[in-house]
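Architecture and fold: a report
Spelled out, the chains give:
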Amino acid sequence: MNSPVKQIRVRIAPSPTGSLHIGTARTALFNYIFAKQQSGVFIIRIEDTDKERSKKEFEDNILDGLSWLKIKPDEFYRQSERTEIYKKYIEKLIADGSAYISKEEAGEGKRSEVIRFKNPNKAVTFNDIIRGPITFETKDLGDFVIAKDLDTPLYHLAVVVDDHEMKISHVIRGEDHISNTPRQIMLLEAIGANIPTYAHLPLILAPDKSKLSKRHGAIAVTEYRENGFLPEAIVNFLAILGWSPQSRGEEENVLSFEDVVEKFELEKVSKSGAVFDIKKLEWINKQYIKKIPQEDLREIIREKILTWGLSISNEEMFVRSIPLITEKISTLNEASAVWQEELLFLEKSPKYDVEKLIWKDEGVFKTKENLSKILEIIQMIDSSEFSAERIKELIFPFADSVGRGGVLWPMRFSLTGQEKSPDPFMSAYLLGKDESILRISQAVNLLK
Ligand code: GLU
């Protein structure tokens, strides 16, 4: 008879000594995907045994970031609440001779006690899902310290006890933990635990192939949230950081969470470091921004503009500008910059030096004539079909016949008074027929 299939149980075990790092988020995600795919259990375990470096604000930031990414745990633990459990294991290890209390020199003539593991000094081999068999000689590790005292376990002991108690089937974590694995396997053996299957994920690298750090820009997930990235985009981006589905073109970089769960294969995760390409993240983010329903997007953009301290005075013009803003941005925060740098003409009538209306050496007379003709054309267009395309369709042949610059420049400048703004047809469309007529007429009057 077959033995019952062992349940898949995985964990993310962050130490709350800093904000949720993008690398930790990726490790969490891979564990989460694996659990979902295998109908397993995903655990969050806060490893806060280091009382000096662990901070509640970092724990909050980590949990907040994971929940924003919709990485939800089935079970949750905090190591600082499990001291009694570790104590029992330490006592047992001491009782059966696998560990011992060691009196040591603590400086200034003082002596203190620590608890050391009795290293069996042997070769430890494990079969890493991603990297294949790995063997370590453990002699050099010596009798390493596993606890300061019965109530103060150190990292390796706490991890091992928890992985055993929580029946962890697969330890999926960063490559920086490979060298910790032999110590942990020896300890697992000493407490009589099953050895989980290990999978060490490649590091996330900066474009220059060095370890990703603060000097390369944002590394905390919550900073990406503040900068206007969407959680779906971050999840999508992280999922293909070190792993990729079989065949893929550009558009296959956009994968829903369900797609990822369906296609993900832990064995196919790459051994070599994964380069963090911010341009790719921005591109993916843009694709997700485009998926937001128009009305929701409008409200999000409104909020960004208002919290930036800018105003929105004309609702119709604002609504008309949403598709244009969407086209120009990769992050939601950029919406306020577009509003400020290119669309402020929607907020107030332009003020400009009249000479600026004149294209090169066209002269006052010619410019006035061209603007009058533009005005005539615009007046003819029915309000119901006042679109950028329609305006262009009617103005362009005229511009071509008398010279583009002399028509398009004064048209755009009379409408916006800005060096940088959308093209004249789009600008007219955004302003609407009446306001466009008003502004161009004013320009005509100014040209004497
Ligand atoms: N607490 C460790 C860390 O923050 C992770 C330990 C593990 O995954 O085994 O890097």
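Analysis parameters
Residues numbered from 1 in each chain as written. Predicted model: local features only at pLDDT ≥ 70, side-chain atom pairs only at ≥ 80, totals over all residues. Heavy atoms only, no water. Helix = DSSP H or I, 4+ residues; strand = E, 2+ residues; numbered from the N terminus. Buried < 20%, exposed > 50% of the residue type's maximum accessible area, 1.4 Å probe, protein only. Contact = heavy atoms within 4.5 Å. Near = heavy atom within 4 Å. Polar contact = N/O pair within 3.5 Å; in protein donor to acceptor, adjacent residues only side chain to side chain. Areas by Shrake-Rupley, 256 points an atom, 1.4 Å probe, with all protein chains shown as cover. Nonpolar A, V, L, I, M, F, W, Y, C, P; charged D, E, K, R; others polar. Pairing = 2+ DSSP bridges. Axes fitted to C-alpha atoms, helices over the stretch in contact; angles between N-to-C directions. Parallel < 35°, antiparallel > 145°, perpendicular 65-115°, else oblique. Left-handed = near helix turned anticlockwise from the far one by under 90°. Right-handed = clockwise from strand over helix to strand, strands pointing away.

The next subject is the side chain of Gln 184. As for its position among the elements, Gln 184 is in helix α5 (residues 181–190). Given a relative accessible area of 1%, Gln 184 falls into the buried group. When neighbours within four sequence positions are excluded, Gln 184 is seen to be in contact with Tyr 155, His 156, Val 159, Val 160 and Arg 173.

Surveying the vicinity of the ligand reveals the residues Arg 11, Ala 13, Pro 14, Ser 15, Glu 47, Tyr 155, Arg 173 and His 177. Interatomic distance of 3.0 Å between a side-chain N/O atom of Ser 15 and a nitrogen atom of the ligand. When isolated, the ligand has an accessible area of 300 Å², and the protein chains bury 80% of it. Of the residues in the shell around the ligand, the class split is three nonpolar, two polar and three charged.

Taken together, four strands build an open sheet; the order of strands is β4-β5-β8-β9 and the sheet is antiparallel. The sheet is open, and its two edges are formed by β4 (99–105) and β9 (152–153), each paired on a single side.

The subject of this paragraph is unusual backbone geometry. For Lys 70, which is not a glycine, the phi torsion comes out positive at approximately 60°. For Lys 70, the location among the structural elements is in the loop between α2 (56–68) and β3 (75–78). Non-glycine residue Asn 121 carries a positive phi angle of around 50°. If you trace the backbone, Asn 121 turns up in the loop between β5 (111–117) and β6 (123–128).

Glancing now at the packing of helix α14 (residues 388–402) against helix α16 (residues 424–431). Each pair of packed helices can be described by the angle between their axes along with the distance between the axes. Relative orientation of the contacting elements α14 and α16 amounts to 130°, with a least axis distance of 8 Å. Considered as vectors, α14 and α16 are oriented oblique to each other. The chirality of how α14 crosses α16 is right-handed. Between α14 and α16, the contacting residues are Ala 388, Ile 391, Lys 392, Ile 395 and Phe 396 on the first element and Phe 425, Met 426, Ala 428 and Tyr 429 on the second.

Counting buried positions over the five residues of strand β10 (residues 170–174) gives five, a clear majority of the element. Looking at chain direction, β10 and strand β11 (residues 197–201) are connected through five bridges and run parallel. Directly across from His 170, in β11, lies its bridge partner Thr 197. Note on the crossover from β10 through α5 to β11: the handedness is right-handed.

Read these as spatial facts, not as claims about activity.
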